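Okay, here's what each chain looks like letter by letter:
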Amino acid sequence: MSLKAVFLDRDGVLTRERTDYVKTPEELEILPGIGPPLRTLRDGGFRLIIVTNQSVVGRRLTTHDEIGRIHEKLKSELKRMGCFVDGIYYCPHLPGEGCSCRKPEPGLILRAAEDLGIDIAASWMIGDKEIDLEAAKRAGCRGIRVQTNLGDLQNAVSSIIKAGEKGWEC
Ligand SMILES: [Mg+2]
Ligand SMILES: [Zn+2]
């Protein structure tokens, strides 16, 4: 049986977006208020998968190793809040490099779905930018936009849960 997931953008949705990029674990700041809505999604049977553009690597402002440490910190802080994350997928490339993973390309969502056995049509993407919604559309899941750095996931999560109660067929 395939699983449903909510794909989550990182910067501006779960963590504070910085104009100078998150380059170290110390610079990673979890937005307040995201724990309860994420737990609601898990309780609703959704896998949680983070899909994030990190051109900060391509710009040589940080390294893959450091991104690994940043994501270990993110996973452990979310776990402390009772929110287990199934995976974090990132695109390290620069805009204009022509990769298939930098959102609005759907590559990250497609790869995660393949790895984890996710039914994309039963899944959602929550992001704070048009490119997140575009990636969702190209991958074949539904998308919901939230405001950057506000941690206002609650409305988005309520819409997702409500849609599930109505059933997928309507
Ligand atoms: Mg973002
Ligand atoms: Zn890429």
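For the structure, see preceding data.
This text gives an overview of the structure that appears in the document.

## Points about the sheet that holds strand 5 (residues 142–145)
And step 1. What the 5 strands build is an open sheet, ordered 3-2-1-4-5; its pairing is parallel. On the outer flanks of this sheet lie strand 3 (87–91) and strand 5, each paired with one strand and no other. Recorded for the sheet is a direction-independent mean angle of 20° between the axes of neighbouring strands.
And step 2. Alignment of strand 1 (residues 5–8) against strand 4 (residues 124–127), held across 3 bridges, turns out to be parallel.

## Describing the pairing of strand 1
And step 1. Residues of strand 1 alternate between two faces, with A5 and F7 on one and V6 and L8 on the opposite face, all of them buried.
And step 2. Taking the sense of rotation as the criterion, the β-α-β connection linking strand 1, helix 1 (residues 35–43) and strand 2 (residues 47–53) turns out right-handed.

## Remarks on the packing of helix 1 against helix 6 (residues 153–166)
Each pair of packed helices can be summarised by the angle the axes make with each other and by the distance between the axes.
And step 1. Two elements in contact, helix 1 and helix 6, have axes separated by 9 Å at closest approach and are oriented at 15°. Comparing the axis directions of helix 1 and helix 6 gives the class roughly parallel. In terms of crossing hand, the pair formed by helix 1 and helix 6 is left-handed. Contacts between helix 1 and helix 6 pair P37, T40 and L41 from the former with L153, Q154, V157, I160 and I161 from the latter.

Thresholds applied
Residues numbered from 1 in each chain as written. Chains lettered and ligands numbered in written order. Predicted model: local features only at pLDDT ≥ 70, side-chain atom pairs only at ≥ 80, totals over all residues. Pairing = 2+ DSSP bridges. Helix = DSSP H or I, 4+ residues; strand = E, 2+ residues; numbered from the N terminus. Axes fitted to C-alpha atoms, helices over the stretch in contact; angles between N-to-C directions. Buried ≥ 20, exposed ≤ 12 C-beta atoms within 10 Å, placed from the backbone. Right-handed = clockwise from strand over helix to strand, strands pointing away. Parallel < 35°, antiparallel > 145°, perpendicular 65-115°, else oblique. Left-handed = near helix turned anticlockwise from the far one by under 90°. Contact = placed C-beta atoms within 7 Å.

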